[in-house]
Amino acid sequence: MELTSIHPGVYLLYYFIMVLFAFIFSDPYFVLTFLALLLILIALQGVSSELKNIMKFFIPLSILIIILNPLLNRTGAHKIFLWNNFFITFEAIAYGILMALALLIVILVFSSYNKSVSYQEMLYIFSKKLPIISMIIIMALRFIPLINSRAIEVQKLNNLKNNGIDFSDEDECNASDDIAIDSNKMDSDEFNSNINTDYDSKLVNKLKSNKRTASIIKEAKNLGKIMGITVSWSLEESMFTAKSMKARGYTATNRTSYLSYKFGNADYFFLAVIIITVAIIMVGLIKGVGMINICPSIDFSFSNLPFNIYYLAFIIFLLPLIYLEIKERILWRN
Amino acid sequence: MALIEFNNFSFSYLNSDGTVSQAKSLDNINLEINYGDFVLLCGPSGCGKTTLLTNLKKELMPAGRRTGEIKFNGVKIEELDDISSACDIGYLFQNPDSQIVTDTVIQEIAFPLENIGIPTEEIRNRISEIVAFFGINDILHKNVNELSGGQKQLVNLCSLLVLRPQVLLLDEPMSQLDPIASYEFLSIIRRLNEEFSITVVMSEHKADSIFPFIDNVIFIKDGKIEFDDNAHNICSDVIDDDIFENYLPAVTKIYNSLSVKYPSLSKLNTPLSIREGRRCLNEIHDDLIKINDGGDVSNNLSSANLLHHINKKYHSQEKTGILDRISFGKNKDALIRMKGIYFAYEKGNLILKNVDFDLNKGEFVSLIGGNGVGKSTFLQLLVGILKPIKGNVKYKKGINLAYVHQNPMIHFSKDNVKEEFLESIIESNLLNRNNVDDFNKESYEMLLKMSNEEFIESDILNGLEFDNIKFKFKDLIEFFDICDLIDKHPYDCSGGEQQKIVIVKALLQNADVLILDEPTKGLDPISSKNLADILNSLRDNGLTILMTSHDLDFVANNCKRCLMMFDKNIQIDDDPKVIFAENNFYTTFVNRMVKEYVPEIVTLDDLKDKWSLE
């Protein structure tokens, strides 16, 4: 969202309550409503590539949960006999599905949170109370990619060392297209293509398995060496980082922060919606609305439509961000 | 009252065992720097430039014994309070990467302001001011990893300027930048000095473009101030000094040589920029024309020869180019052959496109071109670190490649140089080939325990014979002049020394082809000359050398073949002297200076020959 700025503190509160609700609610109507509205929100915010990656991992995981839970959990009144004496319970299946859904909702909530709150805004919340930790986080964010790129450089060099000394270890030139072979024939006495020798040596490697273990040890040694060089290089450079921090007055006085987020009207409005709806939902939860008993016997039927004030409050609780996203689209179109 | 005053200041570092070193790193320095001065510090590596600069900054003062005093605004440096020391004196380091602390540009610029406890509103005001002045709006929210070296150094500078310093101490700030980024950086420093009267003390090796607008030059040698004068005077002061003469701009060197022959010139002010230099040449316009047009017959002939030679060369180049394509693959001397190379780090963003290249035996080839044009990528493809997406690289059977990375530091993994050398020897097959059968762990240990001299003289190492170079081990070490470094930790050596050690390591591996990525980066003029001598004599020994460089003078003086990269391919492949003679902008300072009279001359030595100067 670009046209409305909401204080990161409010976001944090809102998403925190969402995560709690994901675990508390077990009534399928509530859970499915939650999921549907969350999906709409994420669709509006834009699906990130990270979410796609997570989903690739999550879908098999959820299937595993749904299959494994009934196999391991035998409690429940409604038995379904599959063969002979082997049975699973209906309650365990329902529980497995609800658990998978809850997990899905939590993942979606976090993904939406990442879209709404940048890490800078996160830092803003923490920098007041925990200035040192937020400084360490900032430095780590700089340092980790840096050390990564250094390790890549060192590794490149290490590859060269291997193929520079003996050609048997590394495939130096793997572009084995037709042209290469043709030209090899043309001046075969002068140019010895490394492709062929490599191919041979690889075959030999595969035949001699003890040579392979030797190569594993060699790999491990190489990796250790790469790490060693990277770390000592980084330490050497860190000395300058430390000097530069000191030269720019680090530890001279208490740190302040350049980040500033003002608490505006939108924040008050948002906060009011959260407080009112959460209060109503809490009353409902105390009365037992939104939760069902699964064990020992499931007490839910789809004919009990949950049309009451608590369900309405729950829907309203989930709407503000969707409203703001839609409003933003209308504003852009104008 | 001067802004900075050194009174009889001396400094010695601590030894590793905690005692004070006998050698004085700074010896009896007396110096005054006034408000708004632009001061250039010059001197060979290790002469005490950095020591002098760090002693000016309370937070960075090295441990050691100091006598005398340094005053800043009349207050001793040690007695400045933390905040005013951090604000008033800004210190910029050499390496743009290592001094960045945080991950985004805005965070980095805000960092010092947060440190000294300025309220949020004020911080934002100051950042907005700096951003407006430098026009870095576009990169403000970028991650620092996405910036180029020049941009990083600019961000570092901004991060100092938000504190509103009175003095900027710059420790070779441009040594890691390419020429274009250097010019930009320098013009900003100049603007800060002229428009805001910020005092600047800068150390730098390549002074050509700095000399025209500095107030004072200080030449330091072995911790002592040898010369301290304004830019015009110092040029005549150091004429006969064989070290500092090298630091002068090319224009001044030409003027100095000319004024011996044409005394009428010495009435003029010493020229520092090309503009002033051209004016001087105008004074003796007639004489110069005479030299060119046949006052001297032999000269005339040689110039005609040269031009003819250039023409012929162009001609032959074209011909061989076509012939090459017809008689595909007939070149028997090629050690490495690249054919139809395509390369990209990510899809849709080609770095190299259909590159063909042959590296022949005994060549000294250089690779030039703008920043980010793919020079390093080209080298890495050539040595096989990167794999081409399409096309292939072929090597002559049995050749050994040695590659020296831009940052020589990453070649080291051992505790001292001795071990580094032994590692290279063991990795190569030299020991087996030279019938040293009894080399085992014990003899390795024994070699490690030896003193420097014994190590260099040891029979095992001196028994080795290399394919391409005639040197024995001892000769090699002495030739590179690294006898004293043998038992040092590689990280304790200076950049130039590290470069030499890596090259020796490569030679000990019996390399046939030496591939160097920016070996001239950050070298002082003397080391640069030494490196040129070393590389030339290795070439004469039969080694093949390929290097990238931004130093056009170095290329023009030493290489016989030069590749200029442009638009994903090798655009020009010719003698560097021909290339620079043809170029108008991307050429050496000497050539820019004398283009009107002798357009084919690109190096100082050629000019001296041509005009028969001393």
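Residues numbered from 1 in each chain as written. Chains lettered and ligands numbered in written order. Predicted model: local features only at pLDDT ≥ 70, side-chain atom pairs only at ≥ 80, totals over all residues.

(A) A look at the overall build of chain B. Of regular secondary structure, chain B possesses 24 helices and 19 strands. Over its C-alpha atoms, taken along the principal directions, chain B stretches across nearly 75 × 75 × 55 Å. Intrachain contacts of chain B at a sequence separation of at least 6 include 67% that bridge at least 24 residues. (Helix = DSSP H or I, 4+ residues; strand = E, 2+ residues; numbered from the N terminus. Contact = placed C-beta atoms within 7 Å.)

(B) Structural detail: the environment of valine 201 of chain B. All names here are of chain B. For valine 201, the location among the structural elements is in strand S8 (residues 199–203). The class for valine 201 is buried, based on 25 C-beta atoms found within 10 Å. It is 9.5 Å that separates the C-alpha atoms of valine 201 and asparagine 216, two residues lying 15 residues apart in sequence. Ignoring anything within four residues of it in the chain, the contact list for valine 201 reads Ile33, Val39, Leu41, Leu53, Val167 and Leu169. (Buried ≥ 20, exposed ≤ 12 C-beta atoms within 10 Å, placed from the backbone.)

(C) Here's a closer look at the sheet that holds strand S5 (residues 75–76) of chain B. Residue and element names in this part refer to chain B. Spatially, four strands are ordered S2-S1-S4-S5 in an open sheet, and the strand pairing comes out antiparallel. Each edge of the sheet is formed by a strand with only one pairing partner; in this case those strands are strand S2 (26–33) and S5. In terms of strand pairing, strand S4 (residues 64–72) meets S5 through two bridges, oriented antiparallel. Its bridge partner being in S5, phenylalanine 72 is matched across the sheet by valine 75. (Pairing = 2+ DSSP bridges.)

(D) Spatial organisation of the sheet that holds strand S7 (residues 167–171) of chain B. All names here are of chain B. Read from one edge to the other, the open sheet built from six strands follows the order S6-S7-S8-S3-S9-S10, with strand pairing classed as mixed. Since the sheet does not close on itself, it has two edges, and those belong to strand S6 (89–92) and strand S10 (224–230), each with one partner. The average angle at which neighbouring strand axes cross in this sheet is 15°, direction not considered. Judged from the four bridges that link them, strand S3 (residues 38–42) and strand S9 (residues 216–221) form a sheet pairing that is parallel. Bridging from a neighbouring strand, cysteine 42 pairs with phenylalanine 219 of S9. (Axes fitted to C-alpha atoms, helices over the stretch in contact; angles between N-to-C directions.)

(E) Fine view of the interface of chain B and chain A. On the chain A side, the residues contacting the 59 residues of chain B number 51 residues. Broken down by secondary-structure element, the contributors of at least two residues to the side of chain B that touches chain A are helix H2 (82–88), helix H3 (105–115), helix H4 (120–134), helix H12 (375–383), strand S14 (390–395) and strand S15 (401–404) of chain B. At seven residues, the largest contribution of residues to the side of chain B that touches chain A is made by H3 of chain B. Broken down by class, the residue content of the side of chain B that touches chain A amounts to 27 nonpolar, 20 polar and 12 charged. (Nonpolar A, V, L, I, M, F, W, Y, C, P; charged D, E, K, R; others polar.)

(F) Spatial organisation of helix H11 (residues 309–318) of chain A. All names here are of chain A. Considered for burial, the residues of H11 that qualify are Ala313, Phe314 and Phe317. Here the buried residues of H11 occupy an arc of 100° about the axis, which is enough to place them on one side. On its buried face, H11 is in contact with helix H2 (28–45) and helix H10 (265–287). (Arc of directions from axis to C-beta.)

(G) Up close: the nonpolar core. Counting residues in each nonpolar core, the largest one holds 175 residues, and the members touching the most others are Leu514, Ile515 and Val590 of chain B. A total of seven residues in this core trace back to one element, the largest contributor, which is helix H19 (residues 495–508) of chain B. When near neighbours in sequence (up to four residues on either side) are disregarded, valine 590 of chain B contacts Ala250, Ile254, Ile601, Val602, Thr603, Leu604 and Leu607 of chain B. One finds Tyr14, Phe21, Val31 and Ala313 of chain A within the second-largest nonpolar core, a separate group that totals 20 residues. (Core = buried A, V, L, I, M, F, W, Y, C linked by C-beta atoms within 7 Å.)

(H) Spotlight on unusual backbone geometry. Residues and elements named next belong to chain B. The backbone of asparagine 354 shows a phi angle near 50°, a positive value even though the residue is not glycine. Assignment of secondary structure puts asparagine 354 in strand S12 (residues 350–360). Here asparagine 354 falls in the partly exposed class, since 13 other C-beta atoms lie within 10 Å of it. Phi angles above zero are rare outside glycine, and aspartate 481 is one such case at about 60°. Structurally, the position occupied by aspartate 481 is in the loop between helix H18 (473–480) and H19.

(I) Summary view of the environment of leucine 41 of chain B. Residue and element names in this part refer to chain B. Take leucine 41: it is sitting in strand S3. Given 24 C-beta atoms within a 10 Å radius, leucine 41 is considered buried. In this structure the C-alpha to C-alpha distance between leucine 41 and aspartate 171, which are 130 residues apart in sequence, comes to 9.2 Å. In contact with leucine 41, other than residues within four places in its own chain, are Lys49, Leu52, Val201, Met202, Ser203, Ile218 and Ile220.

(J) Spatial organisation of helix H3 (residues 49–72) of chain A. Residue and element names in this part refer to chain A. Between its first and last C-alpha, H3 extends 34 Å over 24 residues, near the 34 Å set by a 1.5 Å rise per residue. Approximately 25° is the largest bend angle found in H3, and it occurs at phenylalanine 58, with the proline proline 60 only one to four residues beyond. Among the residues of H3, those classed as buried are Leu51, Asn69 and Pro70. (Expected span 1.5 Å × (residues − 1). Bend = angle between axes of the 7 residues up to and from the residue.)

(K) Structural context of the pairing of strand S19 (residues 569–574) of chain B. All names here are of chain B. Alignment of strand S18 (residues 561–566) against S19, held across five bridges, turns out to be antiparallel. If you follow methionine 565 over to S19, its bridge partner there is isoleucine 570. Here S18 folds back onto S19 in antiparallel fashion, the turn holding two residues, of which aspartate 567 has a positive phi close to 50°.

(L) Broad picture of the packing of helix H5 (residues 149–161) of chain B against helix H6 (residues 179–196) of chain B. All names here are of chain B. Close contact between H5 and H6 brings their axes to 9 Å; oriented N to C, the two are set at 20°. If you check the angle between H5 and H6, you find them roughly parallel. Judged by the sense of rotation from one axis to the other, the crossing of H5 with H6 is right-handed. The segment H5 lies against H6, with Gly149, Gly150, Gln153, Leu154 and Leu157 engaging Ala181, Glu184, Phe185 and Ile188. The residue makeup of the contact of H5 with H6, split by class, is five nonpolar, three polar and one charged. (Parallel < 35°, antiparallel > 145°, perpendicular 65-115°, else oblique. Left-handed = near helix turned anticlockwise from the far one by under 90°.)

(M) Quick look at the confidence of the model for chain B. Residue and element names in this part refer to chain B. In the predicted model, chain B carries a mean pLDDT of 85, and the fraction of residues at 70 or more is 92%. Per-residue pLDDT stays below 50 along residues 295–301; that stretch engages in four contacts with residues further than four places along the chain or on separate chains. Within the model, the stretch residues 314–330 combines pLDDT values under 50 with four contacts to residues more than four positions away or in other chains. Reported confidences for the modelled complex are a pTM of 0.82 and an ipTM of 0.86. (pLDDT = per-residue confidence, 0-100.)

(N) Summary view of the environment of asparagine 292 of chain B. Residues and elements named next belong to chain B. In this fold, asparagine 292 is placed in helix H10 (residues 285–293). Using a count of 16 C-beta atoms within 10 Å as the deciding quantity, one classes asparagine 292 as partly exposed. The spatial distance from the C-alpha of asparagine 292 to the C-alpha of leucine 476 is 44 Å, given a sequence separation of 184 residues.

(O) Broad picture of the confidence of the model for chain A. For chain A, per-residue confidence averages 82 on the pLDDT scale, and 85% of positions sit at 70 or higher. Below pLDDT 50 for its whole length, residues 164–199 of chain A participates in 47 contacts with residues either more than four positions away or in separate chains.

(P) Focus on the packing of H3 of chain B against H4 of chain B. All names here are of chain B. Where H3 contacts H4, the two axes come as close as 10 Å, and the packing angle between them is 130°. If you check the angle between H3 and H4, you find them oblique. The crossing of H3 and H4 is right-handed. Side by side, H3 and H4 meet where Ile106, Ile109, Ala110, Leu113 and Glu114 of the first sit next to Ile123, Arg126, Ile127 and Ile130 of the second. Here the residues of the contact of H3 with H4 sort into seven nonpolar, no polar and two charged.

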